[in-house]
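# Architecture and fold: a report
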Amino acid sequence: MAGLIGTVTLNLALDVTYEVDELRVGGSHRVDRIRRRAGGKGVNVARVAATLGHHALVLGFVGGVTGELVAEELFDAGLTALLTPIAGETRRTVAIVNDVDGDATIFNEAGPAVSPDEWRAFGDRMPWGRLGVLACSGSLPPGIPADAYAELAVRARHHDVLSVIDVGGEALKAAAGAGAVVRANAAELRAAVGDVEVEDGASELVALGATAAVITDGPRGMVAASKKGVWRALPVETVRGNPTGAGDACTAVVAAAVAEAPEPDWSLVLKSAVAASAAAVLTPVAGDIDLAAYRRWQPQVIVN
């Protein structure tokens with residue numbers, strides 16, 4: 001049995017979703033449909049992984065009344081969590097979903113500052129012996145070093161744990177240099193390595209030291225690169241809805257595959273990742289996927 005998928009969310013949040021008939025800028029809206037639950041990219045990864053039948057552990061910081069609400073919701077959702085307390089108040093995010101077309105407008109608070117002692121306490125509590133993979137994603141709160149994910153990846157390797165890191169820009173190159181499996185979208189890739197074709201950019205990350213690179217490329221599908229080759233998966237069909245959790249669904253599939261085998265068959269991983277990402281768009285809240293759609297699309301995805 002594969003080890004735990006440890007999902008790191010250094011900037012945990014309480015996600016509040018408002019569903020409105022139509023979003024009118026400058027207008028007043030009556031909101032009858034409200035969802036509140038723990039959020040952050042790593043939490044979304046944990047939710048999708050659990051939905052797909054894997055065991056996940058949520059790792060992150062919580063503080064204040066909002067932090068208590070986050071911890072309670074994770075428990076109520078059946079997600080296991082190991083949370084490090086901080087002095088600051090956990091942030092909130094607000095998503096406004098427009099019923100007209102399903103598009104979402106997102107407002108993200110920056111998050112509380114984390115002290116050096118709190119960051120050290122987080123690292124000291126990592127349950128390395130229980131983890132099959134460490135999946136890191138999402139923004140960094142103030143006070144956390146810019147190379148935090150790369151630092152965690154290096155520490156993980158010392159414990160024979162491989163990391164999957166979803167990040168962009170210079171942090172993407174640092175994660176690659178730390179030997180992680182890296183995941184990003186095409187814009188984040190180009191911010192790191194320049195204006196290149198996605199296949200070439202993914203291969204460049206592998207040359208920098210990444211175990212593998214998985215890059216989402218919008219309507220063109222998804223690319224994976226490792227030392228064994230480069231693969232592109234084509235989307236099954238155009239899907240409309242809320243795209244905010246699509247990348248996290250991809251990360252969940254990649255992390256689950258790496259937890260089961262450090263060198264998985266990337267063509268098969270891409271088939272599942274494309275199907276899961278599309279199935280996530282069909283749901284109104286990030287962290288959920290339409291399982292029926294996922295199972296229908298997964299065998300239909302074409303990989304070259």
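The name an unreviewed UniProt entry assigns to the protein is Tagatose 6-phosphate kinase, from the organism Kribbella jejuensis. Looking at the Sequence similarities (unreviewed entry) heading of the UniProt record, one finds this comment for the protein: "Belongs to the carbohydrate kinase PfkB family."

### Concerning the sheet that holds strand β3 (residues 33–39)
As summarised here, the arrangement of the four strands in space is β3-β2-β6-β7, forming an open sheet in which the pairing is mixed. Two strands in the sheet have a free side with no partner beyond their single neighbour: β3 and β7 (104–108). Pairwise comparison of adjacent strand axes, ignoring direction, gives a mean angle of 20° for this sheet. Sheet topology note: the strand β2 (residues 13–20)/strand β6 (residues 91–98) ladder contains eight bridges and is parallel. Directly across from V20, in β6, lies its bridge partner N98.

### Looking at the nonpolar core
The nonpolar side chains of a soluble globular protein tend to be buried, and buried together. Counting 52 residues, the largest nonpolar core has I5, L74, V181, V214, V254, V258 and W266 as its most contacted members. If sequence neighbours within four positions are ignored, V254 has contacts with V164, V181, V214, W266 and V269. Within the second largest apolar cluster, 45 residues are counted, among which are W128, V161, V193 and A225.

About the thresholds
Counting from 1, residues in each chain are numbered in the order their sequence is written. Owing to the predicted nature of the model, reporting of local features is limited to residues with pLDDT of at least 70; listing and counting of side-chain atom pairs is limited to 80 or more, with chain, interface and lining totals taken over all residues. The basis for every side-chain value is the complete set of non-hydrogen atoms in the structure, without hydrogens or water. UniProt positions are given in the numbering used here, feature names are shortened, and annotations may be inferred rather than shown by experiment. When DSSP finds at least two bridges between two strands, those strands are taken to pair. Only DSSP runs of H or I covering at least 4 residues are called helices, and only runs of E covering at least 2 are called strands; the numbering of each starts at the N terminus. For helices, the fitted line uses only the C-alpha atoms of the stretch in contact; every axis is such a line through C-alpha atoms, and the angle between N-to-C directions lies from 0 to 180 degrees. By nonpolar core is meant a set of buried Ala, Val, Leu, Ile, Met, Phe, Trp, Tyr and Cys residues that side-chain atoms within 4.5 Å join together. Partly exposed describes any residue whose relative accessible area lies between the buried limit of under 20% and the exposed limit of over 50%, with all areas from a 1.4 Å probe on protein chains only and scaled to the type maximum. The contact definition used throughout considers only heavy atoms, calling two residues in contact when any of these lie within 4.5 Å.

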